[in-house]
Each structure stands twice: as structure tokens, then as C-alpha cells.
Amino acid sequence: MSLARMAEPATTPRYERHRPEQTLLYQLVQTHYPEFCAQLDAQGRRLPAYVRQEFEDFLLCGRLEHGFLRLRCEDCKHERLVAFSCKRRGFCPSCGARRMAESAALLVDEVLPAVPIRQWVLSFPYQLRLLLAQQPDMMGKVLEIVYRTLATHLIRKAGFNKHSAQTGAVTLIQRFGSALNLNLHFHMLFLDGVYAEDQYGAMRFHRVKAPTREELGALVHQLSQRVSRYLEKKGWLQRDMENTYLLLDGDDDALLQFQGYSVTYRIAFGPQAGRKVLSLQSIPPAPAKESDRVAKQAGFSLHAGVMADSQQKELRERLCRYISRPAASEKRLALTSQGKVRYELKTPYRDGTTHVFFEPLDFIARLAALVPKPRVNLTRFHGLFAPNNKHRALVTPGKRGKGRKPTEVECTQEKTIEERRNAMTWMQRLKRVFNIDIEQCEHCGGHVKVVACIEDPAVIEKILQHLALKESPSLARVNDARGPPDQSVLFQC
């Protein structure tokens, strides 16, 4: 063993395999999801196939009996098993955490340049949240309207026009709120300024001042009017003299009903469906001073109070992790003595609400409402960050984009298809987020590599029996340890 390995501090974090079957979220889904489906079938209703697949894959995620990788140290031959993950986007905390780490690393290392970045958050009225969640194509068109409005404001504020300057943004579309409610809203990381070509043809950044309350008020008014006019033109909104109505078909759609109740904080399943969710309230906190970076109108809310400067790389990465975080938090989930599911809010509401309570079957319905439709991209790149923008390679750290000229080294070293498609590995994510180096053996410090991918059920059973890591009663039991010998027999003459 080298001196460098011996000198490593003993306090270095060590990897421990995630055991989903020991978490409350997994136990709730495993116990109540079959009953939930049975009751839906009895009512003649059924969840969409992609939602059912989300639950079924979640129950397989992280379980060794469904397949794993074998990792072995090249020096001491110590082995470790790593279970497969479901890679779903709905409510799996483990896969959500992996995606959060990978998204944040991608944005910080390859997309966001070293200039000031501001977060703009736009939320919608209850009715539009349901519409946008149900209609991904419509959501994309609304996002285009939002980006054009904010980008035009920044370009004009910097003293340019759309032909002489450009800005850029990355949008993370979040579908959840703090109370596990369906709350579709946009988190947009905007350049806090614009890029324009100087007299030598180089792209130069021009920063703008922070938005004032008056500017935010004008922007949220403009956004609400433009979005409403567009939806009305497409036939999704209908106005009369006093009210505005949302035209949304599908009254017999089970998922649509669950989403509608989730948006309005109501019970979605069971005999009390339609009533307000039970909540726990404490003494309301002292009213905070209203921020100058927030504006609201007609159910729309626009917030622009968080900014990361060019030198604050750690803050930028924390911000990227925050906007790409998973929907459900296992740490805030608990079970009461009466069998109700209790979920703690991340931040208490203004009325003092700190927890919400669900019946187990209603909790399953709440999770189903959070599952996005397949093949809907929840991360969007705009302006200078768009893949087809001719200036993307000039302003982003990754130097990738349309019109980029490869270096001499890249011309001589052609990458394979797998190398071009390969994202951040699981090992790299652990090291970046938790400072855990899974490529280094925890016993001797040697290099660890993947030696096999095990998917054959017979081989899986033998390995788990041999290592005494069996987790499913469906597998054959490991022989119990033998007790000590009978002393009276040993000493008989």
C-alpha cells in the first residue's frame, strides 16, 4: 500500500448501498398500490400505462434480486454489488437525486458561462397549471411566449435590439409543490444581461441592473395578457362578460381527476374526495417584508430575487441543484399512529401550515398526479444556449454547438458513438455531490472497476445466497448458523 493511500483521512465519507425496501415511501407504495389499482378497476377506471409503469419500475429500483453490477478492487479483490435503478422522472427520490446531480454538473461545467445569472420563477393560476400539465405541446408554446417576453425586456434594458444582441436561458419545468401537489411552474436561469458583438467580432457581455418592482409588475401583466390571448385563440379559454372558463375534456379520465384535485389541494381518492386536505397549522410567522423582486397579477406570479455572480460557482451549482431537485423527499415523510401519511412542508405557509396529511390510498393518487407524460423534455435551452445557435460555442464553457471548429487533437482522436453519448457516470455523481469516491476501495484504497453485469435470475440467486445479502422471501433461504456443540456429549466417557 502506498504512503499516499495510508495518509488519507479516516473521516472520508464511505459509500453505503441504498436500500429502498427499508424506506417508508417504498413500503407505502408496495403495500397500498395494488389495493389502489383494485379499487380503480372496481370503479371501471384505470391509470394510463405510463403511470402504471412508473409504479412498477419504482418497486424494482435498487433491489439486488432484479439485477446488479459487480465491482471489484484490483488490489485486494474486495467486491461490491450495485443494484440497477428505474431511471424514472416521477417520484423516485433516488433516481431524482442522481438526475439532479447530473443536471447541475452539466449546467455549471458546460452551459452557463462565468457571468452573472439570475433566476426567474413564473407560476400560473390553478386552472392553467392543470391545462399545461395535461397538454405538453401547449406548455411548450407558453414557454416560448414567456422567454420572448423576458428576453426582449433584457435586450431593451441593455440598450440593444434583437438584431444586435442576444441573451440566453435554461428552463427547468417543475411539476410539484412543497405539499406534493401538482404545481407546474417555470424555473428559468437567465443571463443577467446580454451578449453583443464588438467591433472586432468578439462576443462581449453587457450586464443589466436588477429588475425593479415596477418592471416586474409590467412584465407579469404583459405575460398574463399574452398567455391568456394565446390560449383563447387556440380554443382552450373562453371569456364572457365577467368570467374566464377553461375548456378541458376528459371528465371520466381518472388521472385528470387526480391532477385536478392535486392542483387545488384537495383529497383525490376515497369517500372524502373533493374535500380540502387535512393540514397541521401552528402560529403564523411574523409577516415578512414583501420583496421588491416579486410581482403578482390574476394568479400569475413572477419572482426574480435570486442571483449568482460570476465568481460564485458553488452558489450557481446549488441553485442548479435546487431547481432540478426531485419531487418527493423521504426525510419529510412520516406515518402517524392512526395510519395517516404525514408530509412536512419545506417552508411553512403564510397561514402557519407546516404539515399535510393523507390517507394511504389518497397518497398513492397524489404520487400518480406527479408523473409526467413520456417523451416530454422538462429541461429547455433558449437563445444563446439553444443547440442550433451559432454563438453557443463562443459563450458556453463546453464550447459545443453549431459551427464549432474541432481542435487538432479532436480531429486525430475520433470518439466512438458510446463516448459521444456517455453522460456523467454514477461514480462521478457520487464523488461530486457527496465527496464519495466509489472508484477507490474503502479497504485498501485500490482502484475499483466493474467486472460483470448480472441479470440472470439463477445467477443472481446464487450470488445473493453466497454473500448473505438476500432481500426477498421468494428466494431460497440461507442455511441458519449452527449452534454450539452439546458440552455434555463432548465430555462423556
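K.L.:
How would you explain the overall build of the chain if you had to name every residue and give the values?
P.N.:
Helix and strand counts for the chain come out as 16 helices and 18 strands. Looking at the chain residue by residue over its 493 residues, the buried ones come to 44%. Considering only residue pairs separated by 6 or more positions, the chain has 71% of its internal contacts joining residues 24 or more positions apart. Working note: accessible area of the chain is about 27700 Å², and carbon and sulfur atoms make up 51% of it.

K.L.:
So, the nonpolar core: which residues are in play, and what are the values?
P.N.:
The nonpolar side chains of a soluble globular protein tend to be buried with one another. Counting residues in each nonpolar core, the largest one holds 47 residues, and the members touching the most others are Trp 120, Phe 186, Met 188, Phe 190, Leu 231 and Leu 302. The greatest single-element share of this core, amounting to eleven residues, is contributed by helix α6 (residues 136-157).

K.L.:
How would you sum up the sheet that holds strand β16 (residues 353-358)? Please name residues and give values.
P.N.:
Reading across the sheet, the four strands line up as β11-β16-β15-β14 and stay open at both edges, with antiparallel pairing between neighbours. The open sheet is flanked by β11 (278-281) and β14 (333-335), the only strands paired with a single partner. On average, each strand axis in the sheet is tilted by 25° relative to the strand beside it, whichever way the strands run. Judged from the three bridges that link them, β14 and strand β15 (residues 341-344) form a sheet pairing that is antiparallel. Bridging across to β15, Leu 333 finds its partner in Tyr 343. Packed onto the sheet, helix α2 (residues 24-42) meets β14 and β15 and runs at close to 60° relative to β14. The strands touched by helix α10 (residues 360-369) are β14, β15 and β16; relative to β16, the strand with the most contacts, the crossing angle is about 105°.

K.L.:
So, the sheet that holds strand β8 (residues 203-207): which residues are in play, and what are the values?
P.N.:
Strand order in this open sheet of three strands is β4-β7-β8, and the pairing throughout is antiparallel. Only two strands of the sheet have a single neighbouring strand rather than two, namely β4 (165-166) and β8. Note: strand β7 (residues 193-197) against β8, five bridges, orientation antiparallel. Bridging from a neighbouring strand, Val 194 pairs with His 206 of β8.

K.L.:
Provide a residue-level description of the pairing of strand β3 (residues 117-123), including the pertinent values.
P.N.:
Taking burial as the measure, the seven residues of β3 include seven buried ones, the bulk of the element. Where β3 lies against strand β6 (residues 182-191), seven bridges are found, and the strand directions are antiparallel. Opposite Ser 123, over in β6, you have His 185 as the bridge partner. Looking at chain direction, β3 and strand β13 (residues 300-308) are connected through six bridges and run antiparallel. In the sheet register, Ile 117 faces β13, and the bridge partner there is Ala 308.

K.L.:
A description of the side chain of Ser 301 should follow, citing residues and the corresponding values.
P.N.:
Assignment of secondary structure puts Ser 301 in strand β13. Ser 301 has contacts with Val 121, Leu 122, Ser 123, Val 220, Val 294, Ala 295 and Lys 296, leaving out every residue within four places of it along the chain.

K.L.:
Quick one: what's the story with the packing of helix α8 (residues 254-263) against α10, residue by residue and with numbers?
P.N.:
Packing of α8 against α10 leaves a shortest axis separation of 9 Å and a crossing angle of 100°. Judged on the interaxial angle alone, α10 and α8 are roughly perpendicular. Touching Leu 255, Phe 258, Gln 259 and Ser 262 of α8 are Ala 365, Arg 366, Ala 368 and Ala 369, all from α10. Grouping the amino acids of the contact of α8 with α10 by side-chain chemistry returns five nonpolar, two polar and one charged.

About the cut-offs
- Residues numbered from 1 in each chain as written.
- Predicted model: local features only at pLDDT ≥ 70, side-chain atom pairs only at ≥ 80, totals over all residues.
- Heavy atoms only, no water.
- Helix = DSSP H or I, 4+ residues; strand = E, 2+ residues; numbered from the N terminus.
- Buried < 20%, exposed > 50% of the residue type's maximum accessible area, 1.4 Å probe, protein only.
- Contact = heavy atoms within 4.5 Å.
- Areas by Shrake-Rupley, 256 points an atom, 1.4 Å probe, with all protein chains shown as cover.
- Core = buried A, V, L, I, M, F, W, Y, C linked by side-chain atoms within 4.5 Å.
- Pairing = 2+ DSSP bridges.
- Axes fitted to C-alpha atoms, helices over the stretch in contact; angles between N-to-C directions.
- Parallel < 35°, antiparallel > 145°, perpendicular 65-115°, else oblique.
- Nonpolar A, V, L, I, M, F, W, Y, C, P; charged D, E, K, R; others polar.

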